[in-house]
Amino acid sequence: MSNTPRHAPPPRATSRLQRPSLLYRYAMGHLQALVSTLGQLVRQPFNSLLTALVIGIALALPAGLHLMIDNLGQVVEGWKGSTRISLFLTLETATSEAEALAKRLGARTELETVTHVAPADSLAEFEQHSGMSDLLDLLERNPLPSLLVLTPRSDLDPVAMQALLTDLQALPEVELAQLDMAWVKRLHAMLAIGQRGVVLLGALLGLAVLVVVGNTIRLGIQNRREEILVTKLIGATNAFIRRPFLYMGVWYGLLGGLMALALVALALHLLAAPVGELALLYQSDFVLHNVTPLQGLLVVVGGALLGLVGSWVAVGRHLSAIEPR
Amino acid sequence: MIRLINVCKRYPGGHQALTNLTFELEDGEMAFLTGHSGAGKSTLLKLIALMERPTSGQLIVNGKNLGKLKTHQVPYHRRNLGLIFQNHQLLYDRTVFDNVALPLVIAGHRHQEVRRRVLAALDKVQLLGKEHLYPITLSGGEQQRVGIARAVVNRPKLLLADEPTGNLDPDLSAEIMGLFQDFNRVGVSVLIVTHDYDLIRSMPNRILHVEHGKLEGDYPRRDRPAANPAEGQTQVTQSSERDATDEEDGDE
């Protein structure tokens, strides 16, 4: 180098470095940010996990609640199929007449089954459940009417169901035709409110995730202030400086989403045994179902998106304030 | 390489840092910029690196009028400069290698190319073998050489140094200046802000003297060091007057 003649064209200044293509530089920049931010996360496992846990809890709450309501809805769906109509016959109707009516109704196409519960059977059941046999002994005669329990075909629409009900009510032997479905409808309405609540809660906690990620990124920017200044001084673009923070936000959101799934799975595991016992008491083979793969993906991708948006907001607000002076 | 035409800089507080500064640094020239603290030397470097914008006047660096550069173009302008600072401005949580590699990484060079260029730059400042150390374990002189390696690694045509020997003892300072002369010898333009008069007196390069934001002296390059400072002083006054008229003629 030192023996280069002074009048010769200066080699250092003229030989420009060959840079790879724009696409390559772009991809490499992203890959580099991706790897370096992962490295940062691994180097500070406690801080990273803590942030991810906060996000995880915020995501697990709406996700878990949604799952609960989903499960409840499934139970209700199971009951909906077994809609029953109770026909309370007049007291004057004799047991034999009730049997005949049951037979007649059994021929109707809208009905799948017709069961006759004789007043004596009803009384026996009542005695058994209420434990008031002594009191019942005082009664001169059985006060309970004959009861026909009908199961309509499950594919009847509400209008047909209403028509059937009116039809049955008009029968001379029938005192009262009662469709045991009103409470199912009410439960459905309540579940709909619950679902809406989940959406609201989800929106609120999604906002919380934005704030958590944004604040973490803001602290990260403050901690790396010197580094940002130096890199800006030697020609780093805003995109270059922004990139690792955005990736960091995505990682936090992603980890938070995974954490949320783990928390929901843990809660389900803890609930499985008591729910199983309860289902057994109702002679149901109901099991709590876990998050479907699609729902799981939604939680994780949603978390990552929230992380990205949160860090984007933080970076936009705080990065431009750091300029070398 | 650098051309200033009536550059003024007034800070928002009302402090007038530079007043009607006009001079030119030729391609491949090396010069010192001296003056007391607060004379406006650092402001000038900040203007060239676009950390600040002039209040008025024209500033042309490497053929580009900086007044016409938009904010988003500033990073690309800085990539063409090699900046060296008194406090090194190294990243202390990264190795020497990573520090020197930073400009190339920012520019998006291939890994192999980065490695090759970084090792070459470290070789040039005689730090080869220390690339895996952290800057904090190096001496002040070595840290400054890391800073220089980082400044030259992407082969800028212009090096700007702000008090590069400010914290170093005379021997180390001379060594650092020797490095700058080496780079200058292969065609890099160099502008060094310093007030190490003892050191630069022994060097032949041009000296620009700034006082209260004004160019008060322009000592041209001498082929032999001046024997005594008083002799240089007379030379200054004459040449600055001559240069000032030259500039005016050239602009019109």
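As the structure is a prediction and not an experimental result, all values here were calculated from the model.

### Considerations on the overall build of chain A
Link 1 in the chain: Along its length, chain A carries eleven helices and four strands.
Link 2 in the chain: Computed over its C-alpha atoms, the radius of gyration of chain A comes to 35 Å, more than 25% above the 20 Å expected for a compact globule of 325 residues.
Link 3 in the chain: Across the 325 residues in chain A, those meeting the buried criterion constitute 35%.
Link 4 in the chain: Looking at chain A alone, contacts between residues at least 24 apart form 84% of all its contacts between residues at least 6 apart.
Link 5 in the chain: Carbon and sulfur atoms make up 65% of the accessible area of chain A, which amounts to about 19,400 Å² in all.
Link 6 in the chain: Looking at chain A, you have 24 positive and 24 negative side-chain charges, and the mean spots of the two groups are 38 Å apart.

### Considerations on helix H11 (residues 293–318) of chain A
Link 1 in the chain: For H11 of chain A, which comprises 26 residues, the first-to-last C-alpha distance of 37 Å matches the rise-based estimate of 38 Å (1.5 Å per residue) to within 8%.
Link 2 in the chain: Within the span of H11 of chain A, buried status applies to Gly 296, Val 299, Val 300, Gly 303, Ala 304, Gly 307, Gly 310, Ser 311, Ala 314 and Val 315 of chain A.

### Brief notes about the sheet that holds strand E2 (residues 16–25) of chain B
Residue and element names in this part refer to chain B.
Link 1 in the chain: In space, the four strands of this open sheet follow the order E2-E1-E4-E5, with antiparallel pairing throughout. Looking at which strands have only one partner, the edges of the open sheet turn out to be E2 and strand E5 (64–65).
Link 2 in the chain: Of the pairings in the sheet, the one linking strand E1 (residues 2–10) to strand E4 (residues 56–61) comprises five bridges and is antiparallel in character. Across the sheet, the residue bridging to Ile 2 is Val 61, located in E4.

### Focus on the packing of aromatic side chains
Geometrically, a pair of aromatic rings is defined through the distance of the ring centres and the angle of the planes.
Link 1 in the chain: Summed over all chains, the structure comprises zero aromatic pairs over all chains.
Link 2 in the chain: Positioned over the ring face of Tyr 24 of chain A is Arg 110 of chain B, at 4.2 Å from the centre of the ring.

### Some thoughts on the interface of chain B and chain A
Reports of interface size often rely on the accessible area that becomes lost once the parts have come together.
Link 1 in the chain: If you look at the interface, chain B gives 38 residues, while chain A gives 29 residues.
Link 2 in the chain: Carbon and sulfur atoms make up 59% of the area that chain B and chain A hide from each other, which totals about 3,200 Å².
Link 3 in the chain: At the boundary of chain B with chain A, the tally comes to one salt bridge.
Link 4 in the chain: Secondary structure elements with two or more residues in the side of chain B that touches chain A: helix H2 (74–79), helix H3 (96–107), helix H4 (111–124), helix H5 (140–152) and helix H6 (170–185) of chain B.
Link 5 in the chain: When residues of the side of chain B that touches chain A are assigned to their parent elements, the largest contribution, six residues, is made by H3 of chain B.
Link 6 in the chain: Here the residues of the side of chain B that touches chain A are counted per class, giving 17 nonpolar, six polar and 15 charged.

### So, the pairing of E1 of chain B
Residue and element names in this part refer to chain B.
Link 1 in the chain: Pairing geometry for E1 and E2, over six bridges, is antiparallel. Bridge assignment links Arg 3 to a residue of E2, and that residue is Glu 24.
Link 2 in the chain: Between E1 and the antiparallel strand that follows it, E2, lie five residues; Gly 14 among them carries a positive phi value of about 105°.

### Digging into the confidence of the model for chain B
Link 1 in the chain: Summarising the model, chain B shows a mean pLDDT of 84, and 88% of its residues fall at 70 or more.
Link 2 in the chain: Confidence scores differ between elements of chain B, with helix H8 (residues 229–251) of chain B showing the lowest mean pLDDT of 41 and strand E8 (residues 189–193) of chain B the highest of 93.

### What about the pattern of salt bridges?
Residue and element names in this part refer to chain B.
Link 1 in the chain: Using the criterion set out here, one finds 15 salt bridges over all chains in the structure.
Link 2 in the chain: Close ionic contact of Glu 142 with Lys 130 constitutes a salt bridge, the shortest N to O distance being 2.6 Å. Of this pair, Glu 142 sits in helix H5 while Lys 130 sits in the loop between H4 and H5; the two residues are twelve residues apart in sequence, bridging distant segments of the chain.
Link 3 in the chain: Owing to a relative accessible area of 14%, Glu 142 belongs among the buried residues under this scheme.
Link 4 in the chain: Of the charged contacts, one joins Asp 218 and Arg 206 as a salt bridge, the two residues approaching to 2.9 Å between their closest N and O atoms. Taken together, the positions of Asp 218 in strand E10 (residues 214–219) and Arg 206 in strand E9 (residues 206–211) put the pair twelve residues apart, joining distant regions of the chain.
Link 5 in the chain: Of the residues examined, Asp 218 reaches a relative accessible area of 3% and is grouped as buried.

### Considerations on the pairing of E8 of chain B
All names here are of chain B.
Link 1 in the chain: Of all the five residues making up E8, five are buried; the element is thus mostly covered by neighbouring parts of the structure.
Link 2 in the chain: Side chains Ser 189, Leu 191 and Val 193 of E8 all project onto a buried face; the interleaved residues Val 190 and Ile 192 project onto the opposite face, where all are buried too.
Link 3 in the chain: As paired strands, strand E3 (residues 30–34) and E8 are joined by four bridges and run parallel to one another. For Phe 32, the partnering residue across the bridge sits in E8 and is Ile 192.
Link 4 in the chain: With five bridges connecting them, strand E7 (residues 158–162) and E8 associate as parallel partners. Bridge pairing links Asp 162 to Val 193 in E8.
Link 5 in the chain: A crossover links E7 with its parallel partner E8, the connecting element being H6, and its sense is right-handed.

### Considerations on the nonpolar core
Residue and element names in this part refer to chain B.
Link 1 in the chain: If you look at the biggest cluster of nonpolar residues, it comprises 38 residues, and the most contacted ones within it are Val 100, Val 118, Ile 148, Leu 159 and Phe 180.
Link 2 in the chain: Mapped by element, the contributors of at least two residues to this core are E3, H3, H4, H5, E7, H6, E8 and helix H7 (197–201).
Link 3 in the chain: In contact with Val 100, other than residues within four places in its own chain, are Val 118, Ala 121, Leu 122, Val 146, Ala 149, Arg 150 and Val 153.

### Remarks on the domain arrangement of chain A
Link 1 in the chain: Under the domain assignment, chain A is made up of domain 1 (29–79 + 186–318) and domain 2 (84–180).
Link 2 in the chain: Computed from C-alpha coordinates alone, the two centres of domain 1 of chain A and domain 2 of chain A are separated by 53 Å.

### Concerning the sheet that holds E3 of chain B
All names here are of chain B.
Link 1 in the chain: Read across the sheet, six strands follow the order E6-E7-E8-E3-E9-E10 without closing on themselves; strand pairing throughout is mixed. The open sheet has two free edges, formed respectively by strand E6 (81–84) and E10, since each of these has just one partner strand. Averaged over all adjacent pairs, the angle separating strand axes in this sheet is 15°, with direction ignored.
Link 2 in the chain: Alignment of E6 against E7, held across four bridges, turns out to be parallel. Within E7, the residue paired with Leu 83 across the bridge is Leu 160.

What counts and what doesn't
Residues numbered from 1 in each chain as written. Chains lettered and ligands numbered in written order. Predicted model: local features only at pLDDT ≥ 70, side-chain atom pairs only at ≥ 80, totals over all residues. Heavy atoms only, no water. Helix = DSSP H or I, 4+ residues; strand = E, 2+ residues; numbered from the N terminus. Rg over C-alpha atoms; globule rule 2.2 N^0.38 Å. Buried < 20%, exposed > 50% of the residue type's maximum accessible area, 1.4 Å probe, protein only. Contact = heavy atoms within 4.5 Å. Areas by Shrake-Rupley, 256 points an atom, 1.4 Å probe, with all protein chains shown as cover. Lys, Arg positive; Asp, Glu negative; His and termini not counted. Charge placed at Lys NZ, Arg CZ, Asp CG, Glu CD. Expected span 1.5 Å × (residues − 1). Pairing = 2+ DSSP bridges. Phe/Tyr/Trp six-rings, centres within 6.5 Å; stacked < 30°, edge-to-face > 60°. Lys NZ or Arg CZ within 6 Å of the ring centre and 35° of its normal. Buried area = accessible area lost by both parts, 1.4 Å probe. Salt bridge = Lys/Arg side-chain N within 4 Å of Asp/Glu carboxyl O. Nonpolar A, V, L, I, M, F, W, Y, C, P; charged D, E, K, R; others polar. pLDDT = per-residue confidence, 0-100. Right-handed = clockwise from strand over helix to strand, strands pointing away. Core = buried A, V, L, I, M, F, W, Y, C linked by side-chain atoms within 4.5 Å. Domains from an automatic or database assignment. Axes fitted to C-alpha atoms, helices over the stretch in contact; angles between N-to-C directions.

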